[in-house]
Amino acid sequence: MVGFAMTHNEKFAHLGKRLFITGIPTAGKSYLAQQLASEVNGIAVCLDDFRSALVVDERYRKWVNFYSDQDEAAYYAAHGPEERWRDLIAQSEALWPALLEKISSYQKEKASVIFESVNLLPHLAHRNLDFPGIVIIGSSYEVVFGRNQKTPRWGATAELQELEAREFFYDERPRYKTEAERYRYPVFETPEDAFLRARGFLK
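What you see is a predicted model, and the numbers here were worked out from it, not measured in a lab.

**Student:** Pulling in residues and values, what's your account of the pattern of salt bridges?
**Tutor:** Pairing is possible between side chains that carry opposite charge, provided their charged atoms lie close to one another. Applying the stated rule across the entire model yields ten salt bridges. A salt bridge links Glu-58 to Arg-61; the nearest nitrogen and oxygen atoms lie 2.2 Å apart. By relative accessible area, Glu-58 is classed as exposed at 59%. Beyond isolated ion pairs, a larger network of salt bridges with shared partners links Arg-84, Glu-167 and Asp-171.

**Student:** Tell me about the packing of helix α1 (residues 29-40) against helix α9 (residues 191-202), residues and numbers included.
**Tutor:** Where α1 contacts α9, the axes come no closer than 10 Å and their chain directions differ by 40°. By the criterion of interaxial angle, the relationship of α1 to α9 is oblique. In this structure, α1 crosses over α9, and the sense of that crossing is right-handed. Contact residues: α1 offers Tyr-31, Leu-32, Gln-35, Leu-36, Glu-39 and Val-40, while α9 offers Pro-191, Glu-192, Ala-194, Phe-195, Ala-198, Arg-199 and Leu-202. Within the contact of α1 with α9, the residues separate by chemical class into nine nonpolar, one polar and three charged.

**Student:** Pulling in residues and values, what's your account of the environment of Ala-37?
**Tutor:** Inspection of the secondary structure puts Ala-37 in helix α1. For Ala-37, a relative accessible area of 7% puts it in the buried group. C-alpha separation for the pair Ala-37 and Gln-91, spaced 54 residues apart in sequence, amounts to 28 Å. Beyond its immediate stretch of four places on either side in the chain, Ala-37 contacts Gly-42, Ile-43, Ala-44 and Ile-114.

**Student:** With reference to specific residues and values, describe the packing of aromatic side chains.
**Tutor:** Within this structure, the stated rule accounts for 15 aromatic pairs. With a centroid separation of 5.2 Å and 90° between ring planes, the pair formed by Phe-169 and Tyr-170 is classed as edge-to-face. Classification of Tyr-170 by relative accessible area gives partly exposed; the value is 43%. An aromatic cluster of three or more residues is present, and its members are Trp-63, Phe-66, Tyr-67, Tyr-75, Tyr-76 and Trp-154. Its end group placed over the ring of Tyr-141, Arg-166 keeps NZ or CZ at 4.8 Å from the ring centre.

**Student:** I'd like a description of the pairing of strand β4 (residues 133-136), backed by residues and values.
**Tutor:** Regular strands place side chains that alternate from one sheet face to the opposite one. Going residue by residue along β4, you find Gly-133 and Val-135 tucked away on one face and Ile-134 and Ile-136 tucked away on the opposite face as well. With four bridges joining them, strand β1 (residues 18-23) and β4 adopt parallel strand pairing. When the bridges of β4 are listed, Ile-21 appears paired with Ile-134.

**Student:** Which residues make up the sheet that holds β4, and what values go with them?
**Tutor:** Strand order across the open sheet formed by five strands is β2-β3-β1-β4-β5, with parallel pairing between neighbours. Edge positions in the open sheet fall to β2 (43-46) and β5 (187-188), since each of these has one partner strand only. Examined bridge by bridge, β4 and β5 share two bridges and lie parallel to one another. Following the sheet pairing, Val-135 is matched in β5 by Val-187.

**Student:** Hey, could you go over the side chain of Glu-167 for me, with residue numbers and the actual values?
**Tutor:** Here Glu-167 shows up in helix α8 (residues 158-182). In this structure the side chain of Glu-167 is engaged in a polar contact, spanning 2.7 Å, whose partner is the side chain of Arg-84. For Glu-167, the residues in contact, after removing those within four places along its chain, are Tyr-76, Arg-84 and Glu-172.

What counts as what
- Residues numbered from 1 in each chain as written.
- Predicted model: local features only at pLDDT ≥ 70, side-chain atom pairs only at ≥ 80, totals over all residues.
- Heavy atoms only, no water.
- Salt bridge = Lys/Arg side-chain N within 4 Å of Asp/Glu carboxyl O.
- Buried < 20%, exposed > 50% of the residue type's maximum accessible area, 1.4 Å probe, protein only.
- Axes fitted to C-alpha atoms, helices over the stretch in contact; angles between N-to-C directions.
- Helix = DSSP H or I, 4+ residues; strand = E, 2+ residues; numbered from the N terminus.
- Parallel < 35°, antiparallel > 145°, perpendicular 65-115°, else oblique.
- Left-handed = near helix turned anticlockwise from the far one by under 90°.
- Contact = heavy atoms within 4.5 Å.
- Nonpolar A, V, L, I, M, F, W, Y, C, P; charged D, E, K, R; others polar.
- Phe/Tyr/Trp six-rings, centres within 6.5 Å; stacked < 30°, edge-to-face > 60°.
- Lys NZ or Arg CZ within 6 Å of the ring centre and 35° of its normal.
- Pairing = 2+ DSSP bridges.
- Polar contact = N/O pair within 3.5 Å; in protein donor to acceptor, adjacent residues only side chain to side chain.

The structure is reproduced here in structure tokens:
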């Protein structure tokens, strides 16, 4: 990876329109990013996919594998909602230099670019990104659980997938919402609800 350094509050400008999408897993971030890219002839960038590639970098390996290296049932049993949210923040902040470097690699791209990731937390975006963002938090536990069963995030069993879905909807959801509102990023329950506002940012 190319070295990349910024001061704590430094921001950088892009040639084209930019938007970030964050929120709980299963909320429809990737779907919305692809829909927007098609609508504006832009580029959708899934930073979560890029995160997986960071496993080869010693600086980030621990945090890329932070969840997969643990026994999921034991982790949930030993850590409450606040501790789990602190772990997500810690992972996001640890990976942020690499994700920010990836974002910065599109600075000279004239087309619209939509970045999406669970780790693109509002406080990080507010600190270093010069473009708008939206947060999608899901509409119901049932929808979140159903999507997590189809594309499991961690657990290999239905019981663990249900545990994850409860975490996403009941624990992470209100925390994403609180962060978004603190930094004045609009919040939506579904990608369909967010589409018009998001498209407006890219026009």
